[in-house]
Amino acid sequence: MKQKTKLIIILAVEFVAVSIVLLMIFLAGKKSYTVTFDLNGGILLSGDTVQRITQGQSATPPNVAKDGHYLKGWSGNYRKVTSDSTVRAIWEYETTPGIIYGDSENQNFAEIVGSFKEIHGEVYIGAYHDEKIVLSINSGAFRDRTEITEVHLLDGILSIESEAFAGCTKMKKIDIPSTVVRLGAGAFEGCKSLESVTLPASLVEIEEGAFAGCESLSEIIFVDRVKDKDGKMENISVLEKIGAGAFSGCKSVETVVLPENLKEIGTLAFSGCEKLAEVTVPLAVESIGVGAFNTDNLTINLFFSEGEIPEGFAPLWYTGDGVKLVYDYQPPEPEDTEEDEKNPWWDLGGKDEDKTDEKE
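The rules behind each value
- Residues numbered from 1 in each chain as written.
- Predicted model: local features only at pLDDT ≥ 70, side-chain atom pairs only at ≥ 80, totals over all residues.
- Heavy atoms only, no water.
- Buried < 20%, exposed > 50% of the residue type's maximum accessible area, 1.4 Å probe, protein only.
- Helix = DSSP H or I, 4+ residues; strand = E, 2+ residues; numbered from the N terminus.
- Pairing = 2+ DSSP bridges.
- Lys, Arg positive; Asp, Glu negative; His and termini not counted.
- Salt bridge = Lys/Arg side-chain N within 4 Å of Asp/Glu carboxyl O.
- Polar contact = N/O pair within 3.5 Å; in protein donor to acceptor, adjacent residues only side chain to side chain.
- Contact = heavy atoms within 4.5 Å.
- Core = buried A, V, L, I, M, F, W, Y, C linked by side-chain atoms within 4.5 Å.
- Axes fitted to C-alpha atoms, helices over the stretch in contact; angles between N-to-C directions.
- Phe/Tyr/Trp six-rings, centres within 6.5 Å; stacked < 30°, edge-to-face > 60°.
- Lys NZ or Arg CZ within 6 Å of the ring centre and 35° of its normal.

**Brief notes about the pairing of strand β1 (residues 32–38)**
Logical step 1: What you see with β1 is a clean split: Y33, V35 and F37 sit on the buried side and S32, T34, T36 and D38 on the side with no burial.
Logical step 2: Strand direction decides the pairing type here: β1 and strand β3 (residues 50–54), joined by 5 bridges, are antiparallel. Looking at the pairing, S32 lines up with T54 of β3.
Logical step 3: Taken together, the 4 bridges between β1 and strand β6 (residues 85–93) define a ladder with parallel strand orientation. In the strand pairing of β6, V35 is matched with S85.

**Remarks on the side chain of E111**
Logical step 1: With respect to the helices and strands, the residue E111 is situated in strand β8 (residues 109–115).
Logical step 2: Despite its burial, E111 remains without a salt bridge, the nearest opposite charge being carried by R182 at 10 Å.
Logical step 3: Reaching out from E111, the side chain makes a polar contact with the side chain of N138 at a distance of 3.0 Å.
Logical step 4: Aside from chain neighbours lying at most four places away, what touches E111 is I100, Y101, G102, D103, S104, S136 and N138.

**A look at the environment of V123**
Logical step 1: Relative to the elements of secondary structure, V123 occurs in strand β9 (residues 121–125).
Logical step 2: Look at V123 and you get buried, because its relative accessible area is 0%.
Logical step 3: Along the chain, V123 and I148 lie 25 residues apart, while their C-alpha atoms are 7.0 Å from each other.
Logical step 4: Excluding residues that lie within four positions of it along the chain, V123 makes contacts with T96, I99, I148, E150, V151 and H152.

**As for the pattern of salt bridges**
Logical step 1: Here the structure, examined in full by the defined rule, presents 8 salt bridges.
Logical step 2: The salt bridge partner of D38 is R88, with a shortest N-O separation of 3.5 Å. Taken together, the residues span a long stretch of sequence, with D38 in strand β1 and R88 in strand β6 at a distance of 50 residues.
Logical step 3: We classify R88 as partly exposed; its relative accessible area is 38%.
Logical step 4: Among the charged side chains, a salt-bridge network with shared partners connects E161, R182 and E207.

**What about the nonpolar core?**
Logical step 1: Membership of the largest hydrophobic core comes to 65 residues, with the highest contact counts inside it found for F211 and F293.
Logical step 2: Within the residue set of this core, elements represented by two or more residues are β7 (99–103), β9, β11 (132–137), β12 (148–153), β16 (196–199) and β18 (219–222).
Logical step 3: The leading source of residues in this core is β12, at 3 residues.
Logical step 4: Those residues within four positions of F293 in sequence are excluded, and the remaining contacts are I265, F270, L276, V279, V281, I288, L298, I300, W317, Y318, T319 and G320.
Logical step 5: Counting 13 residues, the second largest nonpolar core, distinct from the first, contains V35, A59, W74 and V81.

**Remarks on the sheet that holds strand β22 (residues 255–257)**
Logical step 1: Strand order across the open sheet formed by 4 strands is β22-β24-β26-β27, with parallel pairing between neighbours. If you trace the sheet from one side to the other, it starts and ends with β22 and β27 (324–326), each paired once. Taking each pair of neighbouring strands and ignoring which way they run, the sheet shows an average axis angle of 15 degrees.
Logical step 2: Two elements, strand β24 (residues 278–280) and strand β26 (residues 299–301), share 3 bridges in a ladder whose sense is parallel. By the bridge assignment for β26, E278 is matched with T299.

**A closer look at the sheet that holds β3**
Logical step 1: Reading across the sheet, the 4 strands line up as β3-β1-β6-β5 and stay open at both edges, with mixed pairing between neighbours. Only two strands of the sheet have a single partner each, and these edge strands are β3 and β5 (69–75). Strand-to-strand twist of the sheet, defined as the mean angle between neighbouring strand axes without regard to direction, takes the value 30 degrees.

**Looking at the side chain of S85**
Logical step 1: Turning to its location among the elements, S85 is positioned in strand β6.
Logical step 2: Classification of S85 as buried rests on a relative accessible area of 17%.

**Overview of the environment of P97**
Logical step 1: With respect to the secondary-structure elements, P97 resides in the loop between β6 and β7.
Logical step 2: P97 sits in the exposed class, given a relative accessible area of 68%.
Logical step 3: Counting along the chain gives 21 residues from P97 to E118, while the straight-line C-alpha distance between them is 9.9 Å.

**Details of the packing of aromatic side chains**
Logical step 1: On inspection of all chains with the given rule, the structure shows 15 aromatic pairs.
Logical step 2: Arranged with centres 5.3 Å apart and planes meeting at 0 degrees, the rings of F211 and F247 form a pair that is stacked. Remark: F247 occurs in the loop between β21 (241–242) and β22 and F211 occurs in the loop between β17 (205–206) and β18; sequence separation between them is 36 residues. Both residues of the pair, F211 and F247, belong to the buried class.
Logical step 3: Their ring planes at 75 degrees and their centres at 5.7 Å tell us that F303 and Y329 sit as a pair that is edge-to-face. With F303 in the loop between β26 and β27 and Y329 in the segment after β27, this pair connects stretches of sequence that are 26 residues apart.
Logical step 4: Over the aromatic face of Y128 sits the side chain of K72, whose NZ or CZ is 4.4 Å from the ring centroid.

In structure tokens:
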């Protein structure tokens, strides 16, 4: 019996040894690849961001964190690796409590329809709610929430509707996503503490009174140009209309450079902008309403010659004293600045071939 047991043990050891040798031979014939984990603003808690993985095997995502966010998943393929690859962390805001959601006409999407009166401080609004993409902030959703100080939005939202943030008198900052195509009437009316706003190239229309009465607004940035594949500056803005009184009462604004594709500037669009010193009207503009610019000592740069004012420019389209019109304006050459690569505005989901991992 002992002899038989001894024989079994010897055979088992030999089997294991042969298996190891065969496995080593098998692995030796396979390539290995590098998988790099891009933390996308997060911090590394444990694990490795760069991993060397044998062909057909899977990398192990590191443990990461980011303040005010949770990790929704990784964009990119790190399973059954067959090539060098970089995968990127996809972060989702920890959405602030007190936001009320509803279903859109398409049940696969959601809308923000309201908020609790008690909402305050910095407000974070994620791109998803119950696995549905949030498409819009509806009319009056945050109206008169006077204790909000900042609003942070992730890409995905397409529209900010009328009076959505009207009367948020303490709000100093809002991040308007690069996916937004429409700002409704009075969307930010009376946000008298708002200091700066960046308007994305995706915007098609800014409706009447969108920023009326934003008296602390000193900087209006229209995202208008990016580098193309050849390194040349390319116009990408699709904004065609600034509605009546859109920036009326923004008395801290000093300079405005409007996007090249703009066609219409509404009545009183920049009325009451007391500190506005210079504005450049794009060549594409066909229509300007009465009193669109009514600031004293304002310099208006125009691309056409004197006597060639377009028919769509209303009488008294500028009404301030001491206004200087600069005809045949020659703009300075644009600065050669690097632009961060971003997902296109129509990429709402942020998912790719490997399907984004869900929050565990």
